[in-house]
Amino acid sequence: MTRPVSRRIGLALAGGGPLGAIYEIGALCALEEAFTGADFTRLDGYVGVSAGGFIAAGLANGISPRQLCTSFILNDGPAADVIHPGLFAQPAWREYARRLAMLPALVAHAAWDYAFERRSLLTALERLGRALPSGLFCHDALERQLALMLSAPGRSNDFRQVARPLVIVATDLDSGQSAPFGRPGFEHVPISRAVAASAALPGLFPPVAIDGRHYVDGALKKTLHARVLLDLDMDLVLCLNPLVPFESGHLGRHATPTARAGQRIPRLADGGLPVVLSQTFRTLIHSRLELGLRGYEATHPDTGIVLFEPDQRDPEMFLANTFGYSQRRAMAEHAYQQTRADLRARRAELAPRLARHGIRLDDAALDDETRRLIPPRRRPRPAATKTAQVMRRLDQVLDDLEQRLACAA
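From a predicted model like this one, the values you see are computed outputs, not experimental measurements. (Residues numbered from 1 in each chain as written. Predicted model: local features only at pLDDT ≥ 70, side-chain atom pairs only at ≥ 80, totals over all residues. Heavy atoms only, no water.)

A. Structural detail: the pairing of strand β10 (residues 236-240). Where burial is concerned, most of β10 is hidden: five out of the five residues are buried. Going residue by residue along β10, you find Leu236, Leu238 and Leu240 tucked away on one face and Val237 and Cys239 tucked away on the opposite face as well. Sheet topology places strand β1 (residues 9-13) next to β10; five bridges connect them, and they run parallel. Residue pairing across strands places Ala12 opposite Cys239, the latter belonging to β10. For β10 and strand β11 (residues 304-308), the ladder comprises five bridges, and the chain directions are parallel. If you follow Leu238 over to β11, its bridge partner there is Val306. (Buried < 20%, exposed > 50% of the residue type's maximum accessible area, 1.4 Å probe, protein only. Helix = DSSP H or I, 4+ residues; strand = E, 2+ residues; numbered from the N terminus. Pairing = 2+ DSSP bridges.)

Next comes the structure, spelled out in structure tokens:
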């Protein structure tokens, strides 16, 4: 007897800062081309964490991976859809001002504790820690732009109006519990606000206040939160995770000629504190991911779970700045090509697993070596080059000034 095709397909997207979003967009574009029978804007459920929340919100609103690439990577298309790099680096002026206003009273209390309460100097100075900002950057401008994007015709910034289940996970700072925005009890929060909360990495962005509670990055609790989709009875869950630990001393099977020529990393300790911390962070979140996936397989043995992530021996993905944006075109292309190569390498394994859920691998698309995600830049005419550069720079300055003024208002 032929096994019936089970078609309920969900997508779980982990975080990873701007670089994570760039990887996921490149990878999704590759998957969209290779998967026949799967429309990534019409899946049966989406869950996103941090940067993955932004992408999940776009897909659930009918914005295709290629359209996300145009707006986020190429900064092209309708003004409402363009996500400028400056939106991620707006100083949190209001947070700075609020904390600075607290400083005189804190100094007075610290002096009183030291002089009259006989507290130690270190204990008295601990009060001054409250004057430190809870985050460096303001998320308001990014939130406003996302709300504008989701308010275009045919889209919605309201979880209750989106045609397919969408869940954006943040962490309640005061309880440490996960907050599944979009699920009952959390569905009234605007999607743009939920994305801002889910992406509020402590130390970089202040906690986001919602209904008297404060929320931060959803990855503090779990890496993927794929159980949200499992509880919605999905038959297949596609998972994307951008951050993996690096396997030092080796080059991945998909490494570029540049990597092969000079980007070997024989000992991570030689990279100093940033490299050590990056490897530590990636190892922690990836070990948690692996543990979660094993648990999902045990509790939901009939659900197919397929994970896509960078090659752990790929130095280009490891050495890229996690919060960088300037190299977005190259990294998106790299993620696109790396995912295509991964699909070719796993073709024999993936084809039957995906076929059970109505998805067929497009061999012609996978084997077409001429395919690219990012079109090559056209060289402008010499006479117009300098003028074009000046106009682009002026446009960038005006955009940054407008965002700073809006954030400080």
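Still more ground to cover, so stick around.
B. Looking closely at unusual backbone geometry. The backbone of Ser50 sits at a positive phi, close to 55°, despite the residue not being glycine. On the secondary structure map, Ser50 appears in the loop between β3 (45-49) and α2 (51-60). Relative accessible area serves as the criterion here: at 7%, Ser50 is assigned to the buried category. Positive phi, normally seen in glycine, also occurs at Asp233, with a value near 65°. Among the structural elements, Asp233 can be located in the loop between α8 (227-230) and β10. According to the relative accessible area criterion, Asp233 is exposed, its value standing at 58%.

C. The arrangement of the packing of aromatic side chains in detail. Counted according to the given criterion, the structure contains eight aromatic pairs. Ring geometry for Phe35 versus Phe40: centroids 6.2 Å apart, planes at 25°, classification stacked. The exposure class of Phe35 is buried, given its relative accessible area of 4%. Ring geometry for Phe181 versus Tyr215: centroids 5.2 Å apart, planes at 75°, classification edge-to-face. In this pair, Phe181 is assigned in strand β7 (residues 178-181) and Tyr215 in strand β9 (residues 213-217), connecting sequence segments 34 residues apart. The class for Phe181 is buried, based on a relative accessible area of 1%. Accessibility expressed as a relative area gives 6% for Tyr215, which makes it buried. Ring pairs connect the aromatic residues Phe35, Phe40 and Phe308, which therefore count as one cluster. (Phe/Tyr/Trp six-rings, centres within 6.5 Å; stacked < 30°, edge-to-face > 60°.)

D. Spatial organisation of the pattern of salt bridges. Enumeration according to the criterion identifies 18 salt bridges in this entry. Measuring nitrogen to oxygen at the nearest pair gives 2.8 Å for the salt bridge that ties Arg155 to Asp81. Remark: Asp81 occurs in the loop between α3 (65-73) and β4 (90-91) and Arg155 occurs in the loop between α6 (140-150) and β6 (166-172); sequence separation between them is 74 residues. Taking the shortest distance from any N to any O, the salt bridge between Glu333 and Arg372 comes out at 3.9 Å. Of this pair, Glu333 sits in helix α12 (residues 328-345) while Arg372 is found in the loop between α14 (363-366) and α15 (382-408), placing the two residues 39 residues apart along the sequence. With relative accessibility at 9%, the residue Glu333 sits in the buried group. What you see here is one network of salt bridges that share partners, running through Glu33, Arg66, Asp368 and Arg371. (Salt bridge = Lys/Arg side-chain N within 4 Å of Asp/Glu carboxyl O.)

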